[in-house]
Amino acid sequence: MNILITGGSGFIGGAVSRALVADGHHVGVVSRHPVRASRKLPDAVDVRQSLALFNGFEPEVVINLAGEPIANRRWSQARKAKLINSRVETTEQLVDWLRQQGLRPGVFISASAVGYYGHHDSEKVTEDTPKGEGFSSDLCAAWETAALKASSLCDAVSILRIGLVLDQPGGLLDRYVPPFKLGLGGRFGSGEQFMPWVHRRDVVRIIQFLMNSPEHHGVFNVSAPSPVTNAAFATALAQTLNRPQCLHVPAVVLKGAFGEMSELMLEGANMVPKRLLDAGFEFEFPTVTEAFSEIFDR
Ligand SMILES: NC(=O)c1ccc[n+]([C@@H]2O[C@H](COP(=O)([O-])OP(=O)(O)OC[C@H]3O[C@@H](n4cnc5c(N)ncnc54)[C@H](OP(=O)(O)O)[C@@H]3O)[C@@H](O)[C@H]2O)c1
């Protein structure tokens, strides 16, 4: 199949591109830095700098993963605008391009995040749980609205509300692991906030599953069936790395250091992948211990 990916050079997109090329697909990636992106991707991936350069490429599947990194720096007003524009405007441009080109790909898959739900205590959060509050939630809702405009063109539009994606190198673990290796890791705040996580390999498998079974579409929570609290995540990581877990970072310190962005560390939701499980998807890494074992014993 012809598959077009935005954000295909990133942590998730790179793994998706590699897997789809290995499956024999013709993969096109839109990247602002095509030379750099090409170096990270298999030679068979067709990397071009803009959508306009893909005129004539007729994707049967579109996968939309582009977006400025959300946790790289404090959320000033300018930074928030960048986080929004790099997702909402990019998605709108993608849908407009499909329309202008007269394209109707069968499957359109677009990223969103667990942040859609805002903060919840321990009650289970499924795809039926309403939108929450806060910047992350508003951002995800606007991003999803932009992606859903593809419904007028594509039979199967899926929104992936992705949890914290685990693998190495890259992603969340690049920040988490160094202090733990020094024996300085620990929980954030009360540690009771949930961290719905998912192994990157399962994210790739979920995208392949949705591409190949378009009868399943709509909103999907993309996280393993056994989410853990921040404290349990810290304990499992310390045990896997065989290090003590000494430090606890108080909420007030995180709020002072990161401002509003500290909601990423101090808030969470007990998100479960109800619709994926109902659709018969089987996770390769259902527990965080299994995920850590694969990542660190590789
Ligand atoms: N990783 C996670 O744990 C996680 C969790 C929930 C949701 N998500 C979402 O899933 C998507 C992919 O995540 P990821 O971890 O793979 O992110 P990533 O590694 O930061 O990659 C995102 C890609 O988006 C492109 N991009 C960045 N800024 C852009 C901009 N201003 N305009 C257009 N494109 C831009 C970049 O491609 P070029 O530099 O090649 O243009 C980059 O490769 C993101 O939208 C992210 O918010 C990720």
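In this text the structure is predicted, and so the values were computed from the model without any measurement.

Draft legend 1. Seen up close, helix α7 (residues 200–212). In this model α7 runs 19 Å from its N-terminal to its C-terminal C-alpha over 13 residues, within 8% of the 18 Å that 1.5 Å per residue would give. Of all 13 residues that make up α7, ten are buried, and the element is covered over most of its length. Arg200, Asp202, Val203, Val204, Ile206, Ile207, Gln208, Phe209, Leu210 and Met211 are the residues of α7 that are buried.

Draft legend 2. Focus on the environment of Leu247. Turning to its location among the elements, Leu247 is positioned in the loop between α8 (230–240) and α9 (251–258). With 67 residues separating them in the primary sequence, Leu247 and Phe180 have C-alpha atoms 9.4 Å apart. For Leu247, the contacting residues outside a window of four places in its chain are Leu184, Gly185, Gly186 and Arg187.

Draft legend 3. Examining the pattern of salt bridges more closely. Evaluated as defined, the whole model comprises 15 salt bridges. For Arg200, the salt bridge goes to Asp167, with nearest N and O atoms at 3.1 Å. Residue Arg200 is located in helix α7, and its partner Asp167 is located in the loop between β8 (164–166) and α6 (173–181); the two are separated by 33 residues in the primary sequence. Classification of Arg200 as buried rests on a relative accessible area of 11%. As a salt-bridge pair, Arg201 and Glu284 come within 2.7 Å of each other at their nearest N and O atoms. Of this pair, Arg201 sits in helix α7 while Glu284 sits in the loop between α11 (274–278) and α12 (288–297), and the two are 83 residues apart along the sequence. In the salt-bridge network here, residues are joined through shared partners; they are Asp167, Arg200, Arg201, Glu284, Glu294 and Arg298.

Draft legend 4. Region of the structure containing the site of the ligand. Taken together, 23 residues form the shell around the ligand, and within it Ser9, Phe11, Ile12, Ser31 and Arg87 come nearest. For the ligand, an oxygen atom lies 2.5 Å from a polar atom in the side chain of Ser31. Coverage of the ligand by the protein amounts to 80% of the 900 Å² it exposes when considered alone. Those elements that provide at least two residues to the shell around the ligand are α1 (11–22), β5 (107–113) and β8.

Draft legend 5. The arrangement of the environment of Gly115 in detail. Considering the arrangement of structural elements, one finds Gly115 in the loop between β5 and β6 (124–125). Measuring from C-alpha to C-alpha, the distance between Gly115 and Ser137 comes to 5.2 Å, with 22 residues separating the pair along the chain.

Draft legend 6. Examining the nonpolar core more closely. In terms of nonpolar packing, the biggest core is built from 41 residues, with Ile5 and Ile63 touching the most fellow members. Ranked by residue count, the leading element in this core is α7, at seven residues. Every residue in contact with Ile63, bar those within four places of it in the chain, is listed here: Ile3, Leu4, Ile5, Thr6, Val16, Leu20, Ile109, Ile207 and Met211. By size, the runner-up hydrophobic cluster in this structure holds 25 residues, among which are Val177, Ala236, Ala238 and Phe285.

Draft legend 7. Up close: the sheet that holds strand β3 (residues 46–48). Reading across the sheet, the seven strands line up as β3-β2-β1-β4-β5-β7-β11 and stay open at both edges, with parallel pairing between neighbours. Of all the strands in the sheet, just β3 and β11 (218–222) have a single pairing partner and so form its edges. The average undirected angle you get between the axes of adjacent strands in this sheet is 20°. Bridge count for strand β4 (residues 61–64) against β5 is four bridges, and the pairing is parallel. Bridge pairing in β5 links Val62 to Phe108. Sheet strands in contact with helix α5 (residues 135–148) are β4, β5 and β7 (156–162), and its direction is about 175° off that of β5. Across the sheet, α7 lies against β1 (2–6), β4, β5, β7 and β11, angled at about 145° from β5, the strand it touches most.

Draft legend 8. Inspection of the pairing of β1 at higher detail. Of all five residues in β1, four are buried; the element is thus mostly enclosed. Since β1 and strand β2 (residues 26–30) lie parallel, the crossover through α1 that links them has a hand, and here it is right-handed.

Draft legend 9. Unusual backbone geometry, seen in detail. A cis geometry characterises the amide bond from Gln168 onward to Pro169, with omega recorded as 0°. Inspection of the secondary structure puts Pro169 in the loop between β8 and α6.

Draft legend 10. The arrangement of the side chain of Ser17 in detail. Within the secondary structure layout, Ser17 lies in helix α1. Exposure remark for Ser17: the relative accessible area of 0% places this residue in the buried category.

Draft legend 11. Expanded view of the packing of α8 against α12. Running from amino to carboxyl end, α8 crosses α12 at an angle of 35°, the nearest separation of the two axes being 10 Å. Considering how the two elements wind past one another, α8 and α12 form a crossing that is right-handed. Note on element contacts: α12 touches α8 through Val288, Phe292 and Phe296, opposite Phe233, Ala236, Leu237 and Thr240. Residue composition of the contact of α8 with α12, grouped by class: six nonpolar, one polar and no charged.

What counts, and where the lines are drawn
Chains are numbered independently. Their residues run from 1 in the order of the written sequence. Since the coordinates come from a predicted model, pLDDT governs what is reported: local features require at least 70, and pairs of side-chain atoms require 80 or more to be given and counted, while whole-chain, interface and lining totals use all residues. Values reported for side chains reflect all heavy atoms of the structure, with hydrogen atoms and water molecules removed beforehand. Helical segments are the DSSP runs of H or I of at least four residues, strand segments are the runs of E of at least two, and each set is numbered from the N terminus. Here a helix's expected span is defined as the number of its residues, less one, multiplied by 1.5 Å. Burial classification: accessible surface area is computed with a 1.4 Å probe over protein chains only, and a residue below 20% of its type maximum counts as buried, one above 50% as exposed, and the rest as partly exposed. In what follows, a contact means two residues having at least one pair of non-hydrogen atoms within 4.5 Å. We define a salt bridge as a contact between a side-chain nitrogen of Lys or Arg and a carboxyl oxygen of Asp or Glu at a distance within 4 Å. Residue proximity to a molecule or strand is established when one non-hydrogen atom of the residue lies within 4 Å of it. Polar contacts, as counted here, are pairs of nitrogen or oxygen atoms within 3.5 Å of one another; within protein the pair requires one atom able to donate a hydrogen and one able to accept it, and residues that are adjacent in sequence qualify only if both atoms are side-chain atoms. Throughout, the Shrake-Rupley method with a 1.4 Å probe supplies accessible areas, and for residues the shown protein chains are the sole cover considered. For this analysis, a nonpolar core means a set of buried residues of the types Ala, Val, Leu, Ile, Met, Phe, Trp, Tyr and Cys, connected via side-chain atoms within 4.5 Å. One bridge is not enough; two strands pair if DSSP finds at least two bridges between them. Comment: axis = line fitted to C-alpha atoms, over the contacting stretch for helices; angle = value between 0 and 180 degrees taken between N-to-C directions. We call a crossover right-handed when, viewed with both strands directed away from the observer, the connection leading from the first strand over the helix to the second proceeds clockwise. It is the rotation of the near helix from the far one that decides the hand of a crossing: anticlockwise by less than a right angle makes it left-handed, clockwise makes it right-handed. Each residue gets one of three labels, nonpolar for Ala, Val, Leu, Ile, Met, Phe, Trp, Tyr, Cys and Pro, charged for Asp, Glu, Lys and Arg, and polar for the others, Gly among them.

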